[in-house]
Amino acid sequence: MTKEEYKKYFKFASKRYIAYILITCTVLILPFISIGGNQFFLLSFERSELHLFFAKFNVQELFLMPFVLIIFFIFIFFMTNLGGRVWCGWSCPQTIFRVIYRDLIQTKILKIRKSVSNKQTQAEGGVKNALAVAIWSVLAFVAAANFLWFFVPPQDFLVQILDPAEHKILLGAWIVIAVFLIFDVAFLGENFCIYVCPYARVQSVMIDNDSMQVIYDEARGGKIFEGQTKLWKKPPGPQDECTGCEACVKICPTHIDIRKGMQLECINCLECVDACTKTMSGLNLPSLISWTSSNSLKTKQKVRYLRFKTVGYCAAIAIAATALALMSAKKENMLLNINRTSELYKVNKNGEIENAYVFLFENTDAHAHEFYFDVSANDADIKIKRPKSNIALNAGEKKKIVVVLTAPKNAARPGKNANAKITIRAYAADEKEKINIARETIFAYPRD
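As recorded by an unreviewed UniProt entry, the protein chain carries the name Cytochrome c oxidase accessory protein CcoG and is attributed to Campylobacter showae RM3277.

J.: I would appreciate a short explanation of the packing of aromatic side chains in the present structure.
T.: Any pair of aromatic rings gets described here by the distance separating the centres and the angle formed by the planes. Counted by the stated rule, this structure contains 20 aromatic pairs. With centroids separated by 6.4 Å and ring planes inclined at 40°, the aromatic side chains of Phe75 and Phe78 adopt a geometry described as tilted. With Phe75 and Phe78 both in helix H3 (residues 65-83) and 3 residues apart, the pair spans about one turn of that helix. Judged by its relative accessible area of 42%, Phe75 is partly exposed. On the basis of an interplanar angle of 80° and a centroid distance of 6.3 Å, the ring pair of Trp149 and Phe157 is categorised as edge-to-face. By the ring-pair criterion, three or more aromatic residues cluster together here, those being Phe32, Phe141, Trp149, Phe157 and Trp174. In this structure, Arg16 is placed above the aromatic ring of Tyr17, and the distance from its NZ or CZ to the ring centre is 5.5 Å.

J.: Honestly, the environment of Val402 in this entry has me stumped. Any pointers?
T.: Mapped onto the secondary structure, Val402 falls in strand E16 (residues 398-407). For Val402, a relative accessible area of 39% corresponds to the partly exposed category. On a C-alpha basis, the gap between Val402 and Ala356 in space is 6.9 Å, while along the polypeptide they are 46 residues apart. With sequence-adjacent residues up to four places away left out, Val402 is seen in contact with Tyr357, Arg386 and Pro387.

J.: Sorry if this is basic, but what is going on with the pattern of salt bridges here?
T.: In the structure shown here, the tally under the stated rule is 15 salt bridges. Across the pair Glu246 and Arg259 runs a salt bridge, and its minimum N-O distance is 3.2 Å. Taken together, the positions of Glu246 in the loop between strand E8 (229-230) and helix H12 (247-250) and Arg259 in the loop between H12 and helix H13 (271-281) put the pair 13 residues apart, joining distant regions of the chain. The pair Glu246 / Arg259 is uniform in exposure class, with both members buried.

Rules used in this analysis
- Starting afresh in each chain, residues are numbered from 1 along the sequence in its written order.
- Selection of residues for local features in this predicted model requires a pLDDT of at least 70, selection of side-chain atom pairs for listing and counting requires 80 or more, and totals for whole chains, interfaces and linings are taken over all residues.
- As a rule here, side-chain values cover all heavy atoms of the structure and leave hydrogens and water aside.
- Stacked, tilted and edge-to-face are the three classes applied to pairs of Phe, Tyr and Trp rings, where Trp contributes its six-membered ring and a pair requires centres within 6.5 Å; stacked means planes under 30 degrees apart, edge-to-face means over 60, and tilted covers the rest.
- For helices the rule is a DSSP run of H or I covering at least 4 residues; for strands it is a run of E covering at least 2, with both sets numbered from the N terminus onward.
- For every residue, the accessible area obtained with a 1.4 Å probe (protein chains only) is divided by the maximum for its type, and the residue is called buried under 20%, exposed over 50%, and partly exposed between those limits.
- Charge-over-ring contacts are defined here by two conditions on Lys NZ or Arg CZ: a distance within 6 Å of the ring centre and an angle within 35 degrees of the ring normal.
- Between two residues, a contact is recorded if the distance between any of their heavy atoms is within 4.5 Å.
- The rule for a salt bridge is simple: a side-chain nitrogen of Lys or Arg has to be within 4 Å of a carboxyl oxygen of Asp or Glu.

What follows is the structure, given as structure tokens:
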């Protein structure tokens, strides 16, 4: 088959393989790309931080994570309403892994299967099949590691995995995920899509007659099924164009006959479209199976992409993305928690009133800074007794220090509340305007 013929007959297959390659390369490379020490996405439980779009957020800022999940799921709903189970056929890791194992390793490399155009035959057992499982096992461990790199940075992962005695949880997670992928891809196969994955059931409530689906044109091809009953292999009518070759059935990875109508098992891989295109092109006729909507097939009009549901999903994504952007813009580059010690106050030998606090500083910026702070109160003269020098913190470093504030002697407040509200402002010495924070607490006085 020439290159031109392949493009003509397998236009969806070539596009799908390109999508698989781009997705795989992107997912593999992303964990190694960092800007200012921050990854595109990293949820590190060990470091208690979230990296999102190359910005780092502390564990206290994990309220951003729900917005990310909301955008992700609404986008999946949008794609389903627009193009059916296009996620399953074109982006799902399960599908990509099965193509690598079944079509590349078993068929192209080891020749266990005769052709990628017939997926109904089971691969024979023996040495070659064991070799296929062994090759996939190596790739499964790579895929499992790649998944964990979004929770443990690659550089940390490589160091920790070489010391398994001290990092049993990481090693165990790696092995469990890899073993699951081996079983899922090599043995469970498309049964995962049919029986395990809940998305097939959810999609039925999200699609409508304007959603793009894989549809057999019964008006041209002829009626093959009456409900669940198959009437014949080839329709008998002289005007029926279906040849009964069943190329669409043989190539289907989920083992369905698309001529029966829309089925939950269909993953929109469009392999049946390419198979029918090849057959019908020999008769100078267009494919009987196409990726279109029910309304478009009936009316012979273009698919309606802009409709209430798709516009509504786009609006919801825009609102969630705007909220995420606004929340991200309020990211604090330093965190400060203030706790009072158990001692209410103390009067030193000079008669000054002392209050002690425990400050927990954390530098959440990507660069090291020196921090200092000052104190303000409406009607009190309160000064910092200790510390006298700035507090140096590296990027991501936390430091706990004891801070002592003093008020002048004889500063008891007769007739007033014994506690005064004060505001403590902390700054980065080199970026005062950008990195600053304010916290309110109290200063306790003795009652007069």
